[in-house]
Amino acid sequence: MVAELLDGKRVAAEILEGLRRRIACLPHPPCIAFLRIGENAASRFYVGRKVAVAKDLGIRSIVEVFPEQVAEKTILEQLSRWNSDGEIDGILVQAPLPSREFQRSAFAAVDPAKDVDGFHPYNFGLLAQERPGGFIPCTPKGILRLLEAYAIPTDGRHAVIVGRSLIVGRPLSLLLQSHGANATVTVCHSRSQQLRSIVRSADILISAAGQPNLILEDMVAEGTTVVDVGQNSVPDETFPGGHRLCGDVDFPALRHRCSHLTPVPGGVGPMTVAMLMENAVEAVERKFPGNRRNDPPIEQKCFPS
Ligand code: NDP
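Because the structure is a prediction, the values reported are computed rather than measured.

Peer 1: What is the right way to read helix H10 (residues 268–287) from this model?
Peer 2: Because each turn of an α-helix spans 3.6 residues, side chains separated by three or four positions in sequence point in the same direction. In a regular helix each residue adds 1.5 Å, so 20 residues correspond to 28 Å; H10 covers 29 Å between its end C-alpha atoms and thus fits that length. Extensive coverage of H10 is indicated by the burial of 16 of its 20 residues.

Printed below as a string of structure tokens:
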């Protein structure tokens, strides 16, 4: 068996083309404000990538960068200014922040109507209650869209998620167990016992641990769909800069074991960015409902009435 690759780059490109048409119907293109703290290489890369894709779509970006030692008050004031700025449609606070508490306060300080990352407690609450009208976090939403694009059923199947973060694992578990996706969901984390046997029982495995080679060939049953969210930088002298990007799974070995597999890079990453753009377009469409020209949003599929 050789796994079919879930080509996030291709699916994301199709979604972005659809967004171009939606943007053309709006009175103005969206504007996203990005807030980044410190010089974490991954955060710089993520924001840079999102800004580049936004620019290509004609979406305006504003980027504010603060030093690692910035006071929480300064960040909350900046977010408050953006909340009341009518020109800004979406606000994104790039994780990670200096502490988990800091991150929680910053996420909660974003106006829920501009919370295109979907991390505000109000939007999280809507997701937990399967109520439409909020924003769904981009990586989980992108994973569902990728599964949908390859007609991979979730209904009644056992989805195992490795990772319980606010950004990936937790919202993904809510989406997959919703009355639209209907998966049976198990969430594992660093304190989980029997990780190996739980992973082996998965029909769909999503690894979002940020640990290279966490998922090895003998942990995965034949025919499993494997979604690798991990983006890990590992030393490799054969690559420019002496580092290469890899996911959480042993890709070459799993390629011959699973039915479907996401590559890293080119799998979940582009889907995350495309979903951010989609949420930003959605934010403007909500202001101008007469200009809406879109497919049913994913929450209509996940939260059927
Ligand atoms: P976090 O560090 O916030 O969360 C990692 C989760 O994995 C935690 O719940 C942790 O458990 C769990 N975990 C860590 N090690 C193990 C282990 N050995 N066994 C079982 N569980 C483990 O990371 P994020 O959720 O923010 O990101 C996860 C990965 O996904 C990273 O590589 C990140 O770069 C990548 N990422 C990729 C995106 C994309 O678009 N492709 C988007 C966002 C993230 P515990 O809670 O107990 O600590």
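Peer 1: So what exactly am I meant to see when it comes to the site of the ligand here?
Peer 2: Taken together, the neighbourhood of the ligand is formed by 22 residues, with Arg164, Ser165, Ser190, Gln231 and Thr272 sitting nearest. Note that an oxygen atom of the ligand is positioned 2.7 Å from one of the side-chain N or O atoms of Arg164. In the environment of the ligand, a nitrogen atom lies 3.4 Å from a nitrogen or oxygen atom belonging to the backbone of Val229. Bound to the protein, the ligand loses 72% of the 930 Å² it would expose on its own. For the shell around the ligand, the leading source of residues is H10, giving 3 residues. Of the residues in the shell around the ligand, the class split is 9 nonpolar, 12 polar and 1 charged.

Peer 1: What exactly am I supposed to notice about the packing of helix H6 (residues 138–149) against H10 here?
Peer 2: Helix packing geometry: the angle between the two helix axes and the distance between the axes. Taken N-terminus to C-terminus, the directions of H6 and H10 make an angle of 110°; their axes are 8 Å apart at the nearest point. Between H6 and H10, the angle is such that the two are roughly perpendicular. Relative to H10, the crossing made by H6 is right-handed. For the pair H6 and H10, the contacting residues are Cys138, Thr139, Lys141, Gly142, Ile143, Arg145 and Leu146 in the first and Val268, Met271, Thr272, Met275, Leu276, Glu278 and Asn279 in the second. Its residues assigned to classes, the contact of H6 with H10 shows 7 nonpolar, 4 polar and 3 charged.

Criteria and cut-off values
- Residues numbered from 1 in each chain as written.
- Predicted model: local features only at pLDDT ≥ 70, side-chain atom pairs only at ≥ 80, totals over all residues.
- Heavy atoms only, no water.
- Helix = DSSP H or I, 4+ residues; strand = E, 2+ residues; numbered from the N terminus.
- Expected span 1.5 Å × (residues − 1).
- Buried < 20%, exposed > 50% of the residue type's maximum accessible area, 1.4 Å probe, protein only.
- Near = heavy atom within 4 Å.
- Polar contact = N/O pair within 3.5 Å; in protein donor to acceptor, adjacent residues only side chain to side chain.
- Areas by Shrake-Rupley, 256 points an atom, 1.4 Å probe, with all protein chains shown as cover.
- Nonpolar A, V, L, I, M, F, W, Y, C, P; charged D, E, K, R; others polar.
- Axes fitted to C-alpha atoms, helices over the stretch in contact; angles between N-to-C directions.
- Parallel < 35°, antiparallel > 145°, perpendicular 65-115°, else oblique.
- Left-handed = near helix turned anticlockwise from the far one by under 90°.
- Contact = heavy atoms within 4.5 Å.

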